Every structure is written in C-alpha cells, then in structure tokens.
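Observations on the model geometry
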Amino acid sequence: MTFDLTSEQQLIRATAREFAETQIRPIAAEIDRDSRFPHETVKRMGELGLMGMVIPERWGGSGAGAQAYVVALEEIARVCASHAVVMSVNNSLYGDPIARFGTDAQRERFLAPVASGHAHGCFALTEPQAGSDATNQATLAVRDGDHYVLNGRKRFITTGREASFALVFCQTDREKGHRGITAFVVEKGTRGFTVGKTEDKLGIRASDTAELVFDDCRIPAQSRIGEEGQGFKIAMTAIDGGRIGIAAQAVGIATGAYERSVAYARERKAFGVIIGEHQMVQWILADMAVAIDGARLLTRKAAALKDAGRPYRTAAAMAKLFAAETAMKVTTDAIQVHGGYGFIREYEVERAFRDAKITQLYEGTSQIQKLVVARHLLRGDHGGA
Amino acid sequence: MPNAFWCIVEDDRNGSPKKVMAEVIGEAARLAPGRVEAVWLTDKASEAGLKQLGEWGAARVLLLENAVFVPYRSEVWAAAAADLAAKESPAAIFAPVTSRQREFVARLAARLGVGLSADSVRFAMDGDKLVATRPVYAGKLLSRVTWAKSPWVATLRPNVFRPADAQPGKTASVERPSLTAPGAQMKFVERREEVSTGLPELTEAETVISGGRGMKGPENYVILEELGRVIGAAVGASRAAVDAGWRPHRFQIGQTGRTISPKLYLGFGVSGAIQHLAGMRTSKVIVAVNKDPEAPIFKIADFGIVADLFEVVPELTKEFKKLLEK
Amino acid sequence: MKILVTIKQVPDTATQVKIAADGKTIDTTGITWIVSPYDEFAVEEALRIKEKRGQGEVVAVSLGPDRVKEALRSSLAMGCDRAIHLNDAAWSAADTLATAKALAAVIKQEAPQLVLCGRQAIDDDMGAVTAQLAELLGWPCAYWIMEAAIDADGKTVRAARQVEGGLEVFDLPLPAVLAAQKGLNEPRYPTLKGIMGAKKKEIKDVKAADLGIASEPSQLSIVGLEALPPRPAGRIIQGDVPTAVKELVRALREDAKAI
C-alpha cells in the first residue's frame, strides 16, 4: 500500500493548484456574489485538460484517470466549489457515460468537444417529481421513424444553461418502470429544447443550475446512447463516478476552510495569546484535520478501485457520504474558529460554509448514500474493504 | 598596485560616477585603507567625475576610456578588465549592483576563475581572508561566503553600506592603462527610453513608496507620485499590482522584481506577501498603511497605521509639504 | 533550431527554510520544490521560438540531486522535448562557476544555437550562471531580456535587455546566451496531456566523468548560514487619520531620522 502520488499526479496537482490560486482565487468571491458563470477560467481549465481527465486521449481527454482526477478536483474546490462542480459534471456525469456507452460516432460528435474543453455537457436526470427517486421519470421519448420526440421537464440541472450537450434520461416504455428509461444526447439549439428558469442558490452560485424544457423536441435516433431501457443503468453508472467527484469537491471545500482556520488561529489574538494557544481551538482544528484526511483517503480509495476496473459503487457512496458530512462539519466549525468574522462575506469560510451544503444533497443525499452502503453491506459487499 | 581593492565605477552615462560609488569606495576603504582603486570603463570620463572619485577616497583611478565600452557589453568589458587584472593583481573587485555590473562582474569572475558574491550586504576580514554576507532564500536567511583565492569578486547592494564622506581637495592619481580594445560580437541596435516619471530610480532611491492591491486601480498611483515628488521618493508596486496590469513590471518590488534597500520604505495597501518582503526587507525604516490590521506587513513595519490609504496619503503629502517648507 | 534551457529546482518562496545541523545548508525536510520562476520564462520563450519556427528541439538541463528529476519532468510537461540531468555528488557544493563549467561542458556536447536561462535562481539569488556560461563558451550574452526574436535565417537573435531607464536592443550572432526577465512572456501551465506525455520523454543522467570534468573545489564556499537579526518591534500609531499622520511624520523626522 502506498499513499504517495505518482510523479504525474504530483505535477497535475501542482498545475491545478497553481491555476486555482492564480486564476480562480482572484475572482472567486466576486463570481459567487454576482452568480456569474466564469466562462474565461472554465475555458482555460478546458485547455489545460481538466474537463476530460477521465476521458481517453483518443476522444479528446487527457486519460489521466480517476485518481489524478480527484487530486485535481480537490485543488480546484479548495479555492472555488463552483468551478469544481462544472469540472465534475463534465467529467463524471457527462463525459464518462458517453465514453463508456456511446458508439465511436457518438463519441466523436458528443464527447470530443466536451472532453477537450471546447463545450460543456450536462446531465439531465432530476425532474420536479423525481429527485432521490430517479426511477420515477415523467419525461417521455416516443419513437417516430428515425427520430424520437421528447416531452417533459428536467430540474436542477447543473450547467444546464451553459451546456452545449445534454445527456437526457426519458421514459420510452412506461410499463417497464425504470427498465423503460433510455438515455439521449440533445444538442443545444434543437427545436423544442429550451432552458427554463435558472435557480438562485445558497451555494455554488457561480455554477448555473437550470430547468430544461422539452416540448415536442425531435432528435435523431442516432442520438440515443445505448439501447432502449438501458438508461437507468447508464445513469447509475455515471452517478457512481460522479459521487467520487463530489467527494473530492467536498474534501477540497473542507480543506480550504480548514487552512483558513489554521491561519486565523495563528494570527488572531484573544485573552492575550493567539487563539491557536487555546485548547478548545486546538481540538476543533485537530478534529477537522482527522476528518479531512479520512475523507480524502476514502475518496482516493474509491478512485483507485475505479482505475483498477474493480467495483466501486459502495466505496464511492462511502466516500461521498463521509466527505460531504465532513465538509459541512468542517465549514461550520471554521466559522466558529473565526467567530463573528466568519459570518461576514469578506472571509472565505462564509462561502465555504454555503458551498458545503450542496455536497450533502446532490448526486444522492447523504441519506441515499447510507441506503446504498447498507444494501451492499447486507449483501455481504463491504465496498472493496 | 597589487593587493588593491578595485571599485568598478558605475556612471551616469554622462561622465560622472553615480552616488552609489561613495558606498562602494567607503566600504573598500574600511576594509583596505589606502588601497582603494577605482576602475572605470567608459567612453568619456569628466574631470569632475575623476575629482569626485578622489574625494571619496580612491587613491588611484584606472581609466579605460574607449568608445567600445558603450553601450555596455559584458564580453568586451570582461576581456578588458581581465587583462588589466592580470597586470595589476588586485585583492578584491567590488561593484555596485546595477543592471550591467551584475552581469559584467559574473563574467569577469569566470574569466579570472574566481568566486563571486553577488548582492553582498556585509563584509569582514577573517585573518587575511574576506568573508561576505548576502541574503538568500528570499531574504529569509543570510549566507556568509568566502573565496578560495583572490581577487575576491563581489557586488554590493545599494543603500546598505555607509558612504564615504567626500574630502574636498583629496585627489586620486589618474592612469590610463594601454588597452587593446577587444572586438564585440553583439551589435547595438537602439535604446528605448522609458517615459520618465521624474522620480528617482527604484533601486537607487533613499526613499521608496510602494502601492499594492489596496490601490484598487492604475489611476490611483498619481497620489503616490505626488507624495513621491514632495519627499523625493521612487514609486514602486507589489506583485499583485503589477500582475493586475496596474504598473509596468520595472516598478515591481520583490522576488521577481527589484530588490531595494532604502532608508525609508512606505507601503500603501501592500499586504506583505513573502515575495514582496524578499525585495524590501532590508529597508532601514518601514512604514505600512493598510486597512487590514492582520496584513503581514505590519509584522516587519517600524510604524503602522491601520486606515484607508486614500485618506492617509493626501494627509501625509500635506504634512510632509508643511515640514519640508520649514 | 536546437535551444537549450537551463533550469534550477528551488524551494517554493512560501516554504519555511531552516538551517540544517551543519550550519551551512538548509534542512530540506518538508520543503516544496519548484522550478525557479525565471527559468519558466526561459522555458516558455524557448517553446515559443520553436513553435514560431515550426521546427526545432528544446532541451532542458538541470544540475542537482535526484529530486531535480521532478523539475525536469515539469519542463518536459510544459513541452520541452528531452532533458539532461547533471547528477553527481561531485557537484553537491558547486558554486556558480562550477555549475557554469558543468553546463558549458554539456552545451559543447549538445551544440545548441541558443541557450536560455532565468535571470537568477530564487534560492541563492546570485544571477551569475548565465554570464559565466557565456564567458566559458566565448559567446555573447544579454541579461534581463524582455524581448527576443530570432531572424529568419536563424543567424542572430535580437534581444531587448532591461536597464536603468529603458530597454537596450542588440543583435547577437548565434550561438548566444540570454537571461530571461519577468515580462518576457507569460509561461504556460503544463497541460494534462503534456504531463501524461512527459513520462515518455527521455531524461538522460550525466555524471561529471561523462563530461570529462575533473573534480575541483568550489571557488566560493559557504562559511555558514544565519537567521536574520529580528527587527525591533514596530508600533501601530493610533488615532484618527489626521492625528496619526501628524504623529507618523513627527516620528519619522525626530525618532527614526528617516526624512
């Protein structure tokens, strides 16, 4: 067992950190305040290869693998969770399933531009009545000769407004329940496909979260990913990988808040000494450090299983659960360390606190992760442990 | 004269030595009284300039006067100076840190096969050996170095060493050694002058004002320049301000900019990142004005004001004006 | 056109440096190492020259212990074609001249038309190796360059060097040595493809004997390192702005005698 990063992973980490510090940090507070999608920096992340890390080189990605991906994603999230979620969705939720389930022609058309960072992809599963219960899809796709006609609405879609391609899950056979779900790629500009409301959010405010509306939207049958009825499996596979990404995002958010807290504890004085001299502050910092390290190790383990081609569903759920809970706890405590200053917009921990919350919600709430873990435990699968 | 301490003359390109030479000569005289010689490579030395070197304490001036030395090319300077050194066998070769000296002296040391201590801030004799002290690791540590053999080649950081007091009437003997003018491989094309701010040069100024991220934009530097005109200070900037494009890079103070060591440093809206401290830490008196009481610059400042620089600067300009009018 | 870039691995500026037990070197445990920032300008310029000419080779060279491979790999990730690692205990206490001699020996073997260096390494801040290389090779040299352009036939480089009060432009016949100043360019980040591709590129290990260099003591040696003398505690001047400013001016004039 080794805990060392390979030299490539170290370089990737250094590049991601340098980029985050010099390019993202100066704008992070402002884009959060204004809810502004950071086109310029996201484009440069694409040029660096961060948008297609888990995609093979052949399809425009950098083929760096899941372990390098979580290392880089953590560095981005450490500075800005909004950039991190855009990166995560492009890689895990959009890119990875198309690389796995698409045909070469589909990969050429739908994947290469996204993996190389020239366009964004989004993942449209959630509906007004289908959140945690994703089996309950209401969006319909009806076959009509060489085409499908889509009708329905998708809600809370990350990068929904900015994406050029949407991986959309629809019911093609209601009778079959979730075995009747099918995946399609719908391109921006297709008639009948519009973006509805963009949400005003608590956190990750610089990423866009939008509603996608399909109103007699006709798409060619070649845009179907996989077979009819395979959609749910595609979605779940994507989300398994996505959870590793969100775990990395949560570790990054927590790390950023933790580092701010340590720096503050070294500088701020109370009762005549720096607050880091007080045992109660030391306890908080120690708890933060232990939890973050645990979350990071779980995240890297899930990524390592994925890279090795072994089952990782349980490991991903464990990592996502623990990392999300850690992010929320660490950012809450970070504000406590900062006292009243932590409650003020000028201090970064305030943003980290708001950003942390979403990690407990999307790609399966913490409760859903427990469900996934427990089901596998009862089947005798201990998540690769 | 064998065993002399050579001081390579940096001039104003107008026939006179720069003021920093008083520091170089002063330090050489402290280490080797009566053995200080000025070596001047120039196209034209003025009588006043030669007189000045004598008054500062040079016993002898070795004047290499030839058009080939201007504009400066290290290949030409090193060849000429090395020939002279071979004849004269100096004990040490000192030069101030300037754009050309730092290159020339390094090249000369290689030609002579001896060591170089660049950007030295202190010297001491240890028996018959010279030991130099110089900042390393972004000024976080000091390194004491010594040479395997002489001549001991070193450059001296400006504004650090006590300048020689001019002694009116004291003169140096001026010699013009014969010289085979070496050929130059590189050809001069043009010189592009910077738009002058009318303020002193950053590395030479006794007082330096620096504006950081707190300046909020390029348009606000006029208030610093106004203050600079009142107190005769150079105006520089932190990396954050330069990277934001507010000031050209030549104004950057710090690790990837200029190293300064003025008598007085005034930082406005400068946070005091390590990169910046690396370039100004040896300033004698440090004043910091910043809204953020936690800004690291306050840790090394002698005087600090926690306030909005846009309120402080005009007030300070007014107060200094009053003081200097008296 | 073959271009050789010299790079040095140095501690990150933000790293705390502690003096090692020998009193002459720093304790390297826990140090984050980076490529000296000025060397990145040199690498970037070399890559741009190659890209502009549409052909050529960029070779990165560094002297130092095993860890230096990481710095070379990062240059390869930026786009250098191959790397040479001067790795020999004989160079462990090398001063600028010994370093320049080793580099000059490699340059003679490689015979590049252009050598690009950073203006100084940010650990010992000597800024001497470029000029010393030029001297040992007998080549022309320009320091602190802000612009560099190779002419169409690849015979000369036009370089603008930063001096007090302006820029001086020269034509240097090739081969020549240039020292890069900040402002020359904006170095690229290594892309992930570059990083993944770097492991397929060659890093050649070179010993002193391979260069026919006899071991000789350094001309400049370190007697000892010392911590900075602490600055006397400063004073925060209280009061409203006009009052504080008046007090500051008084203190600068009367107490510090700085104005």
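Residues numbered from 1 in each chain as written. Chains lettered and ligands numbered in written order. Predicted model: local features only at pLDDT ≥ 70, side-chain atom pairs only at ≥ 80, totals over all residues. Heavy atoms only, no water.

**Here's the deal with a nonpolar patch on the surface**
The grouping of Met1(A), Phe3(A) and Leu297(A) at the surface amounts to a nonpolar patch, some 420 Å² of accessible area in total. Positionally, Phe3(A) belongs in the segment before helix 1 (7-34). (Patch = residues over 30% accessible without salt bridge, like charges linked within 9 Å, V, L, I, M, F, W, Y side chains within 5 Å. Areas by Shrake-Rupley, 256 points an atom, 1.4 Å probe, with all protein chains shown as cover. Salt bridge = Lys/Arg side-chain N within 4 Å of Asp/Glu carboxyl O. Helix = DSSP H or I, 4+ residues; strand = E, 2+ residues; numbered from the N terminus.)

**Topic: unusual backbone geometry**
Backbone torsion omega between Val70(B) and Pro71(B) reads -10°, so that peptide bond is classified as cis. Relative to the elements of secondary structure, Pro71(B) occurs in the loop between strand 3 (60-65) and helix 3 (74-88). In the segment running from Ser150(B) into Pro151(B), the intervening peptide bond is cis, with an omega of 0°. The residue Pro151(B) is located in the loop between strand 8 (141-147) and strand 9 (152-156) in this model. For Glu363(A), which is not a glycine, the phi torsion comes out positive at approximately 55°. Within the fold, Glu363(A) resides in the loop between helix 9 (348-359) and helix 10 (366-378). If you check the backbone angles, Asn159(B) has positive phi at about 70° while not being a glycine. Within the secondary structure layout, Asn159(B) lies in the loop between strand 9 and strand 10 (173-175).

**Focus: the domain arrangement of chain C**
Domain annotation for chain C reports domain 1 (2-211) and domain 2 (231-259). For domain 1 of chain C and domain 2 of chain C, the distance between their C-alpha centres works out to 45 Å. (Domains from an automatic or database assignment.)

**Overview of the domain arrangement of chain B**
Reports of interface size often rely on the accessible area that becomes lost once the parts have come together. Residues and elements named next belong to chain B. According to the domain assignment, chain B consists of domain 1 (5-175) and domain 2 (207-325). With centres defined by C-alpha atoms, the gap from domain 1 to domain 2 works out at 31 Å. Domain 1 puts eight residues into the contact, and the matching count from domain 2 is nine residues. Counting the surface domain 1 buries against domain 2, the share from its top three residues, Ala138, Arg157 and Asn159, is 65%. Linking domain 1 to domain 2 there are zero salt bridges. There are four residue pairs in polar contact (both at pLDDT 80 or more) connecting domain 1 and domain 2. (Contact = heavy atoms within 4.5 Å. Buried area = accessible area lost by both parts, 1.4 Å probe. Polar contact = N/O pair within 3.5 Å; in protein donor to acceptor, adjacent residues only side chain to side chain.)

**Notes on the pairing of strand 9 (residues 141-150) of chain C**
Residues and elements named next belong to chain C. Within strand 9, eight of the ten residues are buried, leaving the element largely enclosed by the surrounding structure. Bridge count between strand 9 and strand 12 (residues 176-180): three bridges; the pairing is parallel. The residue bridging Cys141 from the neighbouring strand is Val177, located in strand 12. The pairing of strand 9 with strand 10 (residues 156-163) spans five bridges and is antiparallel. Paired with Ile145 across the bridge in strand 10 is Arg161. Adjacent in sequence and paired antiparallel, strand 9 and strand 10 are bridged by five residues, among which Gly154 carries a positive phi angle near 70°. (Buried < 20%, exposed > 50% of the residue type's maximum accessible area, 1.4 Å probe, protein only. Pairing = 2+ DSSP bridges.)

**Some details on the environment of Val70(A)**
Locating Val70(A) in the fold gives a position in helix 3 (residues 66-79). Each C-alpha atom, one on Val70(A) and one on Ala250(A), is 11 Å from the other, the two residues being 180 residues apart in sequence.

**What to know about the state of the cysteines**
Here is the idea: a disulfide is a covalent bond, and it sits between the sulfur atoms of two cysteines. With the rule as written, the count across this model stands at zero disulfides over all chains. Free cysteine: Cys217(A), not disulfide-bonded; nearest cysteine sulfur from Cys170(A) at 8.9 Å. Here Cys217(A) falls in the buried class, since its relative accessible area comes to 0%. Cys117(C) provides the cysteine sulfur closest to Cys80(C), a residue in no disulfide bond, and the two sulfurs are 13 Å apart. (Disulfide = S-S within 2.5 Å.)

**Points about the interface of chain B and chain C**
Each partner contributes to the interface: chain B provides 89 residues, whereas chain C provides 79 residues. Of the roughly 7600 Å² buried where chain B meets chain C, counting both sides, 59% is carbon and sulfur surface. Joining chain B to chain C, the criterion identifies nine salt bridges. In this structure, the connection of chain B to chain C is made through 45 residue pairs in polar contact (both at pLDDT 80 or more). At nine residues, helix 9 (residues 309-325) of chain B tops the list of elements feeding residues into the side of chain B that touches chain C.

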